[in-house]
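# Residue-level structural notes
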Amino acid sequence: MKKLFQKYLVTKWPPILWSVIIFILLAMPAISIAKENQLAFPMLDKIIHAFLFGFLVLLWGFYLQPKYCSASKFLFALTGIVFLSTFYGICMEYVQLWVGRDFDVWDMLADGMGAAAAWLFFAVKNRPR
């Protein structure tokens, strides 16, 4: 089972599919939620944004890692993925504004923080021992 899972992680399709899922989730019209539910989890929206973009960078990292012979070159390439993912998150906020959802700079920050956390995961995983 583990080999089957790894076989699919080293292809480009999981991160591409996840990018499409992010677009669909963030571009669809907002569902009206009662105020009481928002008070129960006040930062849930930011956690979701961080997860979406952190997982995106994780998937790209699993795809890119076998293609680089050194950890420093891999982390450099992954840094570019972090910037592109954050830019994608910023663009998605403008798409949300266009489709009638809330535009929030803090969501942009959460997108970047999630992407950076995934980069940190790979930096710790690949540090010299």
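Residues numbered from 1 in each chain as written. Predicted model: local features only at pLDDT ≥ 70, side-chain atom pairs only at ≥ 80, totals over all residues. Heavy atoms only, no water.

Counting its regular elements, the protein contains six helices and zero strands. The buried share of the protein, reckoned over its 129 residues, is 33%. Partitioning the contacts of the protein with sequence separation of at least 6, the portion at a separation of at least 24 is 80%. (Helix = DSSP H or I, 4+ residues; strand = E, 2+ residues; numbered from the N terminus. Buried < 20%, exposed > 50% of the residue type's maximum accessible area, 1.4 Å probe, protein only. Contact = heavy atoms within 4.5 Å.)

One way to put it is that helix 2 (residues 13-27) packs onto helix 5 (residues 71-98) with a least axis distance of 9 Å and a crossing angle of 30 degrees. Taken together, the axis directions place helix 2 and helix 5 in an arrangement best described as roughly parallel. Crossing angle aside, the handedness with which helix 2 passes helix 5 is right-handed. Touching Ser 19, Ile 22, Phe 23, Leu 26 and Ala 27 of helix 2 are Tyr 88, Met 92, Val 95 and Gln 96, all from helix 5. When the residues that make up the contact of helix 2 with helix 5 are grouped by side-chain class, the tally is seven nonpolar, two polar and no charged. (Axes fitted to C-alpha atoms, helices over the stretch in contact; angles between N-to-C directions. Parallel < 35°, antiparallel > 145°, perpendicular 65-115°, else oblique. Left-handed = near helix turned anticlockwise from the far one by under 90°. Nonpolar A, V, L, I, M, F, W, Y, C, P; charged D, E, K, R; others polar.)

Among the surface-exposed residues, Trp 13, Ile 16, Leu 17, Val 20, Ile 21, Phe 23, Ile 24, Leu 25 and Met 28 lie close enough to one another that they form a single nonpolar patch of about 810 Å² accessible area. You can see Ile 21 is positioned in helix 2. (Patch = residues over 30% accessible without salt bridge, like charges linked within 9 Å, V, L, I, M, F, W, Y side chains within 5 Å. Areas by Shrake-Rupley, 256 points an atom, 1.4 Å probe, with all protein chains shown as cover. Salt bridge = Lys/Arg side-chain N within 4 Å of Asp/Glu carboxyl O.)

Once that is clear, we can look at the pattern of salt bridges. Evaluation of the coordinates by the stated rule reveals three salt bridges. Lys 46 is paired through a salt bridge with Asp 104; the nearest N and O atoms lie 2.7 Å apart. A residue pair is termed long-range when its members are at least 10 positions apart, and Lys 46 in helix 4 (residues 44-64) and Asp 104 in the loop between helix 5 and helix 6 (105-125) qualify at 58 residues. We note that Lys 46, like Asp 104, is buried. Close ionic contact of Lys 46 with Asp 107 constitutes a salt bridge, the shortest N to O distance being 2.9 Å. One end of the pair, Lys 46, is in helix 4; the other, Asp 107, is in helix 6, and 61 residues separate them in sequence.

Following the sequence through the fold, Thr 86 ends up in helix 5. Here Val 82 takes part through its backbone oxygen, which lies 2.8 Å from a polar atom of the side chain of Thr 86. Apart from the residues lying within four places of it in its own chain, the contact partners of Thr 86 are Gly 112 and Ala 115. (Polar contact = N/O pair within 3.5 Å; in protein donor to acceptor, adjacent residues only side chain to side chain.)

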